[in-house]
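# Observations on the model geometry
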Amino acid sequence: MGDGIEIKVISAPPSTVDADQQQQRQRRRRREEGEATTTTARAFTPFKKRVSWLIPGFIVANVIFFIVIMYVNDCPKKSNSCVGNFLGRFSFQPMKENPLLGPTSTTLEKMGALQVDNVSHHHQVWRLFTCIWLHAGVFHVLANMFSLVFIGIRLEEEFGFARVGLIYVMSGIGGSLSSALFIQAGISVGASGALFGLLGSMLSELITNWSLYANKLATLLTLLFIIILNLAMGILPHVDNFAHLGGFISGFLLGFVFLMRPQFGYVNQKYAPPEYSTSSTKPKHKTYQYVLWGISLVLVIIGFVVGLVLLLKGVDLNDYCHWCHYLSCVPTSKWSCNSRVSCESIQTGNQLNLTCSSNGKSEMYSVLDSSTLQLQQLCSQLCS
């Protein structure tokens, strides 16, 4: 038709259509490869962080145990000058008796504190475990729990609850063993041995996984500074540095046993995509890691067995090591480290007057029910 509208369909040359289709296929292929690479990268998490729940559970347990101890202590029945009377039976012993705001030593012994005579002669070995869950006062439990937050949670996130929990408990028992073999008088409580065990395991973990760290020297020097500083504070009087040393050595050896990581070459090969796989197989661990693992395991077993046997026989290692007592306390002009002290006591009603035989200091205490262990504790504080 002459006046009609003519519609022309212009088709692209075959070569142009093929080029467009080829470009679309290439874009689709690159997109699929990118998604596959992203998926592989996301899956490549050999050292993924875990959720920490055991260490927070330990913290809650320690706080609950301390509350129970204060309930059992019931200061108003023992003294007329309790600290925090508004707390009722949860109030604290007078500062003269317990400057850490806590119970009497008699209550702590009743609740499971480490007392060498009870372990050696009455075979109450369970005290090596129970004492690490008890604390002498508010300041004591707060200091240990804050330390546990900063040390324990990071380790549990890295290595899981099972390994960190084993190191914590076994280091605590190792610290208790060391304390009982060197300190025969008084009682011992606290989680310090377990905490130093975690510090020791951090050091051995750094050593055994040395090739995985980027800033090796800086990490090592920082960790050594923290460890030396904390151990140095143990030379002060009334600080059980033998528990610290025993826990640290136990944790140091246990770190080689439980915190050994695979080498990066092995992990990289294991999680690499199939097209990047090689015929040669990388070893999972290095030879020195296996050597340290075996030596540490043997030393841990020997140490615990020999230590327990000596304790049950009532051996005092100070008789065989005459300088070892300096590891726990260094005497100065400001304080004395003599643990064998004596006091003269005069009790009239609920008023107890103690006089130290060595320095002549005298102090009046208000006690309703005094035991031999409590008198020894008061005398030790008065003479120091």
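For the structure given in this document, a descriptive report is provided here. (Residues numbered from 1 in each chain as written. Predicted model: local features only at pLDDT ≥ 70, side-chain atom pairs only at ≥ 80, totals over all residues. Heavy atoms only, no water.)

Below, the discussion takes up the packing of helix α2 (residues 54-73) against helix α7 (residues 161-182). Relative to each other, α2 and α7 sit at 40°, their axes nearing to 10 Å. With respect to α7, the axis of α2 lies oblique. Each of Leu54, Ile55, Phe58 and Asn62 in α2 lies in contact with α7, whose residues at this interface are Phe161, Val164, Gly165 and Tyr168. (Axes fitted to C-alpha atoms, helices over the stretch in contact; angles between N-to-C directions. Helix = DSSP H or I, 4+ residues; strand = E, 2+ residues; numbered from the N terminus. Parallel < 35°, antiparallel > 145°, perpendicular 65-115°, else oblique. Contact = heavy atoms within 4.5 Å.)

Once that is clear, we can look at the nonpolar core. Grouped together as the largest cluster of nonpolar side chains are 46 residues, with contacts concentrated most on Leu148, Tyr168, Leu198 and Leu311. Ignoring any residue separated from it by four or fewer positions in sequence, one finds Leu311 in contact with Val116, Val119, Ser120, Leu128, Leu177, Ala180 and Leu181. Of all hydrophobic cores here, the second largest spans 7 residues; its members include Ile69, Leu108, Leu134 and Val189. (Core = buried A, V, L, I, M, F, W, Y, C linked by side-chain atoms within 4.5 Å. Buried < 20%, exposed > 50% of the residue type's maximum accessible area, 1.4 Å probe, protein only.)

The tally for this structure, following the rule as stated, stands at 2 disulfides. The disulfide partner of Cys321 is Cys324, and the S-S distance across this bridge is 1.8 Å. A torsion of 80° about the S-S bond marks the disulfide between Cys321 and Cys324 as right-handed. Its relative accessible area of 13% is what places Cys321 among the buried residues. Relative accessible area serves as the criterion here: at 7%, Cys324 is assigned to the buried category. (Disulfide = S-S within 2.5 Å.)

Attention now moves to the packing of aromatic side chains. Taken as a whole and judged by the stated rule, the model has 10 aromatic pairs. Measuring from ring centre to ring centre gives 4.9 Å for Trp53 and Phe161, while their planes differ by 45°; the resulting arrangement is tilted. Of the two residues, Trp53 sits in the loop between α1 (14-43) and α2 while Phe161 sits in helix α7, which places them 108 residues apart along the sequence. Where Phe58 meets Trp133, the ring centres are 5.2 Å apart and the plane angle is 75°; that geometry is what we call edge-to-face. Of this pair, Phe58 sits in helix α2 while Trp133 sits in the loop between α5 (127-130) and α6 (138-159), and the two are 75 residues apart along the sequence. Relative accessible area serves as the criterion here: at 10%, Trp133 is assigned to the buried category. Every member of this aromatic cluster is reached through a ring pair, and the members are Phe58, Phe65, Phe129, Trp133 and Tyr168. The lysine or arginine in question, Arg89, covers the ring of Tyr71, its NZ or CZ lying 3.8 Å from the ring centre. (Phe/Tyr/Trp six-rings, centres within 6.5 Å; stacked < 30°, edge-to-face > 60°. Lys NZ or Arg CZ within 6 Å of the ring centre and 35° of its normal.)

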